[in-house]
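# Breakdown of the fold
Chain by chain, the residues:
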Amino acid sequence: MFDFILRPLRRNFGDDKRFYVAIDDMFGFIPHNIELYKLALIHKSASVELEDGSHINNERLEFLGDAVIESITSDYLFIEFPDSDEGFMTQLRSKIVSRQSLNRIASEIGLDKHVISNAAGNSTQKHIYGDAFEAIVGAIYLDQGYDFANRLLINNIYANHLSIKDILHSETDFKSRLIEWCQKNHYSIEFQTTHDSSTSSSRPTFHSTVLIGGIAVGHGTGDSKKQAEQNAAFSVSQDSATALTDEGSARILDMIDKMAN
């Protein structure tokens, strides 16, 4: 009853009506504390400076939301796959909460249209929307509680924007496949991975270059060494659907030949 009265009032009146409309349209509820959601939409590149010189952005909410999503997803998989072992559930959870998956969900629900950012052209641009989604979930947890966040994520977001069948059949270990391909074709392979010292310890960034036969053929960035190397391996083919098939292999060999000459 209370929400029924508040929805038209907050959607249509007041300085924050556009934020209430955005949250209501994306998630179907009216927030109690809209300031949490406004903060969740501020990427660090658009940080707001306070009078004391400190800066506020969505990184803390992102940290919290990441933990909430992982917890809810673990609970969901434990119930949905009662006969599966830890390894299977860990791998499936990793795919569900990956940056690629969260970025896609964020775009599908329209969150990308509301993120405040000055990071255009930045190498981390592709992570912004998934990060904002985590921050929004952190805001929902603080504003509405864990049970509400749990029901919303599973019954709304996952039910409408996640295909377990597709995820189960998706390929993510591009590094292993590329190493196997190099061994089969008698090429040496090396990943040169470095940590970006300009990034914070809480949100590190790694850059990786993959060398095949001593030639740099792919590059990748990630928030862990493992992810950066996976992205570098994926970049070699640029197409997960045809990677390392006959067509993909021919393309890689052609690229190596051109770079060698």
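Description of the structure in this document. Everything quoted here is computed from the prediction, not taken from an experiment. (Residues numbered from 1 in each chain as written. Predicted model: local features only at pLDDT ≥ 70, side-chain atom pairs only at ≥ 80, totals over all residues. Heavy atoms only, no water.)

## Observations concerning helix α4 (residues 59-80)
Test applied: Only DSSP runs of H or I with at least four residues qualify as helices, and only runs of E with at least two residues qualify as strands; both kinds are numbered from the N terminus onward. To estimate how far a helix should extend, the number of its residues minus one is multiplied by 1.5 Å. With a 1.4 Å probe rolled over the protein chains alone, any residue whose accessible area is under 20% of its type maximum counts as buried; one over 50% counts as exposed, and the rest are partly exposed. Taken from the helix axis, the directions to the C-beta atoms give the arc we talk about.
The first and last C-alpha atoms of α4 sit 31 Å apart over 22 residues, in line with the 32 Å expected at 1.5 Å per residue. Of all the positions in α4, only Leu61, Glu62, Gly65, Val68, Ile69, Ile72, Thr73, Tyr76 and Leu77 are classed as buried. An end-on view of α4 places all buried positions within 160° of arc, on one side of the element. Turned more than 90 degrees away from the buried face of α4, the exposed residues are Arg60, Phe63 and Phe78.

## Re the packing of helix α6 (residues 99-109) against helix α7 (residues 128-144)
Going by this rule: Every angle, taken between N-to-C directions, lies between 0 and 180 degrees, and every axis is a line fitted to C-alpha atoms, over only the stretch in contact when it is a helix. An angle below 35 degrees is treated as roughly parallel, one above 145 as roughly antiparallel, one from 65 to 115 as roughly perpendicular, and anything else as oblique. A contact between two residues is defined here by any heavy atoms of the two lying within 4.5 Å. Each residue receives one of three labels: charged for Asp, Glu, Lys and Arg, nonpolar for Ala, Val, Leu, Ile, Met, Phe, Trp, Tyr, Cys and Pro, and polar for the others, Gly being one of them.
The contact between α6 and α7 brings their axes to 7 Å, and the two run at 80°. By the angle between their directions, the pair α6 and α7 is classed as roughly perpendicular. For the pair α6 and α7, the contacting residues are Arg99, Leu102, Asn103, Ile105, Ala106 and Ile109 in the first and Tyr129, Gly130, Asp131, Phe133 and Glu134 in the second. Each residue belonging to the contact of α6 with α7 can be placed in one class, and the counts come to six nonpolar, two polar and three charged.

## A word on the environment of Gly28
Within the fold, Gly28 resides in the loop between α2 (17-27) and α3 (34-40). What makes Gly28 partly exposed here is its relative accessible area of 46%. The spatial distance from the C-alpha of Gly28 to the C-alpha of Leu152 is 9.2 Å, given a sequence separation of 124 residues.

## Some remarks on the sheet that holds strand β5 (residues 215-222)
Going by this rule: Whether two strands pair depends on DSSP finding at least two bridges between them.
Sheet architecture is open: three strands sit in the order β3-β4-β5, paired in antiparallel fashion. Unpaired on one side and paired on the other, β3 (189-195) and β5 mark the two borders of the sheet. When the angles between neighbouring strand axes are averaged without regard to direction, this sheet yields 20°. Direction of pairing for strand β4 (residues 206-212) relative to β5: antiparallel, over a ladder of seven bridges. Bridging from a neighbouring strand, Thr209 pairs with His219 of β5. The strands that helix α10 (residues 174-184) touches are β3 and β4; relative to β3, the one it contacts most, it runs at about 145°.

## Overview of the packing of α4 against helix α5 (residues 86-96)
We count it as follows: Left-handed describes a crossing whose near helix is turned anticlockwise from the far helix by less than a right angle; the clockwise case is right-handed.
Their axes nearest at 10 Å, the elements α4 and α5 cross at an angle of 135°. On the basis of the axis angle, α4 is oblique to α5. Relative to α5, α4 is oriented so that their crossing is right-handed. Along the contact surface, α4 presents Glu70, Thr73, Ser74, Leu77 and Phe78, while α5 presents Met89, Leu92, Arg93 and Ile96. Taken together, the residues of the contact of α4 with α5 break down into five nonpolar, two polar and two charged.

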